[in-house]
Amino acid sequence: MSSSAPSLACSEPAIQFSDVHIGFSDADILRGVSFTAQSRETLVLLGETGTGKTLTLKMAAGLLCPDRGQIEVLGNRVSAMDEHDLLAFRRKVGFVFQEGALFDSLTVRDNVAYRLTEDGLSEQEIAPRVEEVLRFVELEHTMDLLPSELSGGMRRRVSIARALINHPPIVLYDSPTAGLDPITSQTIITLILRLRDVYGVTSLLATHRLQDGFALANFRFDPKSRRVFRESDSDKNLAPTRFLVLRDGRVYFEGSPDEILSSKDPYLQRFLI
Amino acid sequence: MAETPLPVSHQHAIAPDTPSVVDVLRDIAKQTVLKIQDYSKLSFRALTNLSSKPRYVQDTLDQMDDIGVGSLPIVLLSGFFIGAVMVLQTGSQFERFGQTSLTGDVVSLALVRELGPTITGLLVAGRCSSGIASELGSMLVTEQVDAMRAMGTDPSRKLVTPRVVASLMTVPLLTTISVFVGLLGGMVSSVFSLRLNAFTFWQRAIAALEFSDLMQGFSKSIIFGFILATVGCYQGLTVRGGTQGVGRATTQAVVVSSILIIVSDTFLTKLALYLAEKVF
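This text gives an overview of the structure that appears in the document. All values derive from a computational prediction rather than experimental measurement.

**As for the interface of chain B and chain A**
Phase 1 of the analysis: Taken together, the contacts link eleven residues of chain B with 14 residues of chain A.
Phase 2 of the analysis: Class assignment for the residues of the side of chain B that touches chain A results in three nonpolar, four polar and four charged.

**Remarks on the sheet that holds strand S1 (residues 13-24) of chain A**
Residue and element names in this part refer to chain A.
Phase 1 of the analysis: Strand order across the open sheet formed by four strands is S2-S1-S4-S5, with antiparallel pairing between neighbours. If you trace the sheet from one side to the other, it starts and ends with strand S2 (27-38) and strand S5 (76-77), each paired once.
Phase 2 of the analysis: With respect to the sheet, helix H1 (residues 53-60) is in contact with S1, S2 and strand S4 (68-73), its orientation differing from that of S1 by roughly 120 degrees.

**Let's talk about unusual backbone geometry**
Phase 1 of the analysis: For the bond running from Lys53(B) to Pro54(B), omega is 0 degrees, close enough to zero to count as cis.
Phase 2 of the analysis: With respect to the helices, strands and loops of the structure, Pro54(B) is situated in the loop between helix H1 (21-48) and helix H2 (57-97).
Phase 3 of the analysis: Phi is positive for Leu74(A), close to 50 degrees, though the residue is something other than glycine.
Phase 4 of the analysis: For Leu74(A), the position within the fold is in the loop between S4 and S5.
Phase 5 of the analysis: Of note in this structure, Ser175(A) is not a glycine but carries a positive phi near 40 degrees.
Phase 6 of the analysis: Along the chain, the position of Ser175(A) falls in the loop between strand S7 (170-174) and helix H6 (182-199).

**Observations regarding the packing of helix H5 (residues 155-193) of chain B against helix H6 (residues 198-207) of chain B**
A packed helix pair is summarised by two numbers, namely the angle formed by the two axes and the spacing between the axes.
All names here are of chain B.
Phase 1 of the analysis: Axis separation between H5 and H6 bottoms out at 9 Å; the angle between their running directions is 140 degrees. Classified by the interaxial angle, the pair formed by H5 and H6 is oblique. The handedness of the crossing between H5 and H6 comes out as right-handed. Taken together, the residues of H6 that come into contact with H5 (itself represented by Leu-183, Met-187, Ser-190 and Val-191) are Ala-198, Phe-201, Trp-202 and Ala-205.
Phase 2 of the analysis: Taken together, the residues of the contact of H5 with H6 sort by class into seven nonpolar, one polar and no charged.

Calculation criteria
- Residues numbered from 1 in each chain as written.
- Chains lettered and ligands numbered in written order.
- Predicted model: local features only at pLDDT ≥ 70, side-chain atom pairs only at ≥ 80, totals over all residues.
- Contact = placed C-beta atoms within 7 Å.
- Nonpolar A, V, L, I, M, F, W, Y, C, P; charged D, E, K, R; others polar.
- Pairing = 2+ DSSP bridges.
- Helix = DSSP H or I, 4+ residues; strand = E, 2+ residues; numbered from the N terminus.
- Axes fitted to C-alpha atoms, helices over the stretch in contact; angles between N-to-C directions.
- Parallel < 35°, antiparallel > 145°, perpendicular 65-115°, else oblique.
- Left-handed = near helix turned anticlockwise from the far one by under 90°.

In structure tokens, the structure reads:
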């Protein structure tokens, strides 16, 4: 896998939601959500449980269809595509599920290789790529284990490896640190950071932990020295991070880390505690 | 109004709307029609998927191993003893008229036309329809089906079609084996309990069969195979309510597929008898 650190953040939108509505059983969960994520940007979706963070991610991946509104991802109008076209589109998007969603009857190796196997690649082509992404998440020694033999944090890391096996330009993370201890959470966030800074992916990260967002906003991974640094002001444009807070089915706040930090809004301040 | 520490916005509480019997019946009818529609769509897609790529041959072979080879012991065991008990039951009646030699005819016709396909269908439904529902249901609640879709795989092609094809191919084979073993059981039983000649029993059993009888049994087993696989897949992929829902779906899969097999058997028998008279 060739590592290509981004030189500058592009201004073209990678993900665009316009007045998106979705609901179940007569109750609207999202009531007119609009936002844009630029290419190589990290958008942190914050909100309480049940505010529609996972729904937003699933709609961006075309796993759910909105009741109203438009969703465009990488220039594809996802909200208007049929399932056949969506299957092809989803190959361009990586999705990390909350609990990993690994296939429990397949080994780690087969889980990670799943997409390549589906594409009909030969064993000789698959093996080095699987090894490379598993080395990236530092789990190359777990290749022959089943998901049930892994810890929660390891399952998430395998899930990340599976999502990046075919170099997707966009990766969607559904609460990747939920239910993990602080040290494992830090490992996962560092991994997301590396993924962003090494491969330059656009990320949409749903979480209810503000510190995850700030870690992504304030730190940078240097592929040359293979170390994580605190981001300088000049680095901010390389891979900007923004926050989007969902509340009552709408976008309650959208802004930079500095803006959310300086906000006097009592609801936002509850996230800062 | 008495003072209360709680804010009261309305003087009279609004009674919740109680749905009438007609409303409830209408909702049940709607839900039933919706389920039939979804089941029909799933079944139709399971078959039409075969006309285009990708085709999951290895998954189909794995399922054939699970459904076919895995069900072999129970089919062999039950087939043998059903044949044996058929001889005991019919033989005791024929003894009253001194016509025990007809036992082979009756047992063979009953096994080929009716008992072979139906008992095999019910046994495989009990074993595999529930297995399919619980496997797919568990995959659904743990988001593995969503993960599959997120990676660009059509769950209908990957999960449903291989199971349906495997069932369509193995249930008729299992039925054939069940009938053969049933006749063996009947032969053993007739030799030991009715003192019949084994060769005579076997000869009469084979001679009693016509092409239409074989067709009847064979076509029933194909349809039963289709029913048990599609019902299992449908119940598994429509699970609601987590692990408890998976348990419910598993039970439902066995109940629904068994009932459908028995009900469809009646209509298939009527159709087969009509065709036997008009066509064969």
